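# Secondary and tertiary structure notes
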Amino acid sequence: MKILAVNAGSSSLKFTLIELPSKEVIASGLFEKIGLAGSYYTIKYNGEKYVREVELTDHGVAVKHLMDELISLHIISSLEEIDGVGHRILHGGDEFVDSLVLTEEVIEGISKYNELGPLHNPANLMGAKAFMKALPNVVQVGVFDTAFHATMKESEFLYPVPYEWYEKYGIRKYGFHGTSHRFVNLDISEHLGRNDLKVISCHIGNGASLAAIDSGKVVDTTMGFTPLAGVMMGTRSGDIDPSIIPFIMKKEGKTADEIINDLNKKSGLLGVSGISSDSRDIEAAIEANNEKAILAQDIYAQKIANYIAMYNNLLGGADVILFTAGIGERSPMTRRQVIEKIKSLGVTLDEEKNQIRAEFALISGEDSKIPVYIVPTNEELMIALDTMEFVSKD
Ligand code: ADP
């Protein structure tokens, strides 16, 4: 069975064509600058990379190009070979807590939550609509970034603010990266042959979040009402005192939206170091003894360590700590610094194993009180597996 996993952004569209149940990636690609000047796309297939510069006026045009290329590059011989399309959708509010088949009506329902994810949700849904038009007889499934966190209790997801904000406006913690946390939790559970694990999942990429998971259910996660909350990230601040916002608004004559933009795009590793949001650049600057880079990385690792300690307490003692996503999978330095900062939990690293990158591996020392793993994430595969469920039911 062939499933397309799709992640549509406001001006981009990422796809992976996956064979199931073998989990083999047949082809993948990215359409960029949709609706903008200089649009182009790349498709990877059979060890080749195809780059085409074409005008992509909207997502519908991009999808049309994709369908044509799948045939002309002989990736598939007919569109009927596509059994299902799974769409990553950022926000399902507290209503859409499971993956489901997308119809016009369902999309209408999801769009109620667009104001909770204004940068991503309308684009995710636009992408879904374009595929529904291009492949009207193929099942289309929505997979939500918020869904896995739906098991949080009120005592974890409520902010200590007037309760009516929650009732009137849905102000609560939703959490994100759910598809990734779900995937790595399934993987480690399968690997260890247990479904009762207490897991601290650290998804550390450009965006970063931790989740405390007990027996497959999220107890708490670090991102909140929006992805701005929690640990420090590449360009996001993570948790800060909200009083800073009106203070800087007055000092710099900026609007609240401008400050939120600064907190989303100009803070985190980039903001503190003044160098880059990319952890590879930060590591290079640390090698060159750049003080701001050293400081930025120190805060970064500390925030992650703080949440690990908190979640260890919340879970009543974790069985596993795992690292995933770009930095979690590939930065021995970040993992080492984080683990050094949770020494009080009796966690140790095997420094040789810690050099492993982007592979499933146990990296803790033999004496470590909690085993530490690298578990590579695969959100596309998770989306495809969810979609497969609905194809089988057809
Ligand atoms: P996104 O949140 O955009 O999906 P990723 O999970 O792809 O992000 O992670 C991107 C981050 O991973 C970047 O900060 C990048 O520097 C970091 N990264 C990728 N490869 C390495 C590496 N070899 N060493 C350190 N950091 C890396």
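First, a word on scope: everything that follows refers to the structure included in this document. Within each chain, residues carry numbers counting from 1 in the order of the written sequence. At least 70 in pLDDT is required for a residue's local features to be given in this predicted model, at least 80 for side-chain atom pairs to be given and counted, and no such filter applies to totals for whole chains, interfaces and linings, which use all residues. Side-chain measures here rest on the full set of heavy atoms in the structure, leaving out hydrogens and waters.

## Topic: the site of the ligand
For this description, a residue counts as near a given molecule or strand if any of its non-hydrogen atoms is within 4 Å of it. Close to the ligand lie 13 residues; N206, D278, S279, G326 and R330 are nearest. Pairs of N or O atoms are called polar contacts if they sit within 3.5 Å, as long as, within protein, a hydrogen donor faces a hydrogen acceptor (for residues adjacent in sequence, only side-chain-to-side-chain pairs). For the ligand, a nitrogen atom lies 3.2 Å from a polar atom in the backbone of R330. Contact with the protein chains covers 69% of the free accessible surface of the ligand, which is 580 Å². A run of H or I in DSSP counts as a helix once it spans at least four residues, and a run of E counts as a strand once it spans at least two, with each numbered from the N terminus. Counting only elements with at least two residues in the shell around the ligand, the list comes to α10 (279–287) and α12 (325–330). Each accessible area is a Shrake-Rupley result for a 1.4 Å probe, and residues are judged covered by the shown protein chains and nothing else.

## Let's talk about unusual backbone geometry
Looking along the chain, the bond that leaves L20 and enters P21 is cis, with omega of 5°. Examined against the element boundaries, P21 turns out to sit in the loop between β2 (13–19) and β3 (24–32). Of note, H74 is a non-glycine position whose phi angle comes to about 60°, a positive value. Judged by relative accessible area, H74 falls into the exposed class, the value being 64%. Phi is positive for S215, which is not a glycine, with a value near 50°. As for its position among the elements, S215 is in the loop between β10 (208–214) and β11 (217–221). Buried, partly exposed and exposed residues are distinguished by accessible area as a fraction of the type maximum, computed with a 1.4 Å probe on protein chains only: under 20%, between the cut-offs, and over 50%, respectively.

## Section: helix α8 (residues 256–265)
Listed in full, the buried residues belonging to α8 are I259, D262 and L263. The buried residues of α8 occupy an angular sector of 95° when projected down its axis, which confines them to one face. Within this analysis, the arc is defined by the directions that extend from the helix axis to the C-beta atoms.

## Some points on the sheet that holds strand β5 (residues 48–53)
Strands qualify as paired when DSSP identifies two bridges or more between them. If you trace the eight strands from one edge of the open sheet to the other, you get β5-β4-β3-β2-β1-β6-β8-β7, paired in mixed fashion. Two strands bound the open sheet, and with one partner strand each, they are β5 and β7 (100–101). Sheet analysis places strand β1 (residues 2–8) next to β2, joined by seven bridges and oriented antiparallel. Its bridge partner lying in β2, L4 is registered against L17.

## Concerning the side chain of H59
If you trace the backbone, H59 turns up in helix α1 (residues 59–72). Given the relative accessible area of 4%, H59 is considered buried. Setting aside its immediate chain neighbours within four residues, H59 contacts A8, G9, S10, S12, L13, I34, M126, G127 and A130. Pairs of residues are marked as contacts when any of their non-hydrogen atoms sit within 4.5 Å.

## Remarks on the environment of P160
Relative to the helices and strands, P160 is located in the loop between α4 (154–157) and α5 (163–169). With relative accessibility at 84%, the residue P160 sits in the exposed group. The spatial distance from the C-alpha of P160 to the C-alpha of R172 is 9.5 Å, given a sequence separation of 12 residues.

## Things to note about the environment of G109
Positionally, G109 belongs in helix α2 (residues 104–110). What makes G109 buried here is its relative accessible area of 15%. Residues G109 and F96, spaced 13 residues apart in sequence, show a C-alpha to C-alpha distance of 9.1 Å.

## What about the packing of helix α11 (residues 291–314) against helix α13 (residues 332–340)?
Angular values range over 0 to 180 degrees, each being the angle between N-to-C directions of two axes fitted as lines to C-alpha atoms, with helices fitted over their stretch in contact. Viewed as axis vectors pointing N to C, α11 and α13 meet at an angle of 55°, and their least axial separation amounts to 8 Å. Classed by the angle they form, the pair α11 and α13 counts as oblique. The way α11 lies across α13 gives a crossing that is right-handed. Facing Q297, D298, Y300, A301, I304, A305 and I308 of α11, the residues of α13 in contact are M333, T334, Q337 and V338. Here the angle decides the label: under 35 degrees means roughly parallel, over 145 means roughly antiparallel, 65 to 115 means roughly perpendicular, and every other value means oblique. Here a crossing is called left-handed whenever its near helix is offset anticlockwise from the far helix by less than a right angle, and right-handed whenever the offset is clockwise.

## Things to note about the packing of helix α7 (residues 244–252) against α8
In contact at an axis separation of 9 Å, α7 and α8 are set at 115° when each is read in the N-to-C sense. Comparing their axes, α8 and α7 come out roughly perpendicular. Seen along the crossing, α7 lies across α8 with a hand that is right-handed. For the pair formed by α7 and α8, the contact residues are I245, I248 and M249 on the first element and A256, I259, I260 and L263 on the second. Ten residues, namely Ala, Val, Leu, Ile, Met, Phe, Trp, Tyr, Cys and Pro, are considered nonpolar, four, namely Asp, Glu, Lys and Arg, are considered charged, and the remaining ones, Gly among them, are considered polar. Its residues assigned to classes, the contact of α7 with α8 shows seven nonpolar, no polar and no charged.

## With respect to a nonpolar patch on the surface
Residues enter patches when they are more than 30% accessible in relative terms and free of salt bridges; like-charged ones are connected within 9 Å and nonpolar ones (Val, Leu, Ile, Met, Phe, Trp, Tyr) within 5 Å. Any carboxyl oxygen of Asp or Glu that lies within 4 Å of a side-chain nitrogen of Lys or Arg is treated as forming a salt bridge with it. Nonpolar side chains collect at one region of the surface, where V161, W165 and Y169 lie side by side and expose about 310 Å² of accessible area between them. By the secondary structure assignment, V161 is in the loop between α4 and α5.

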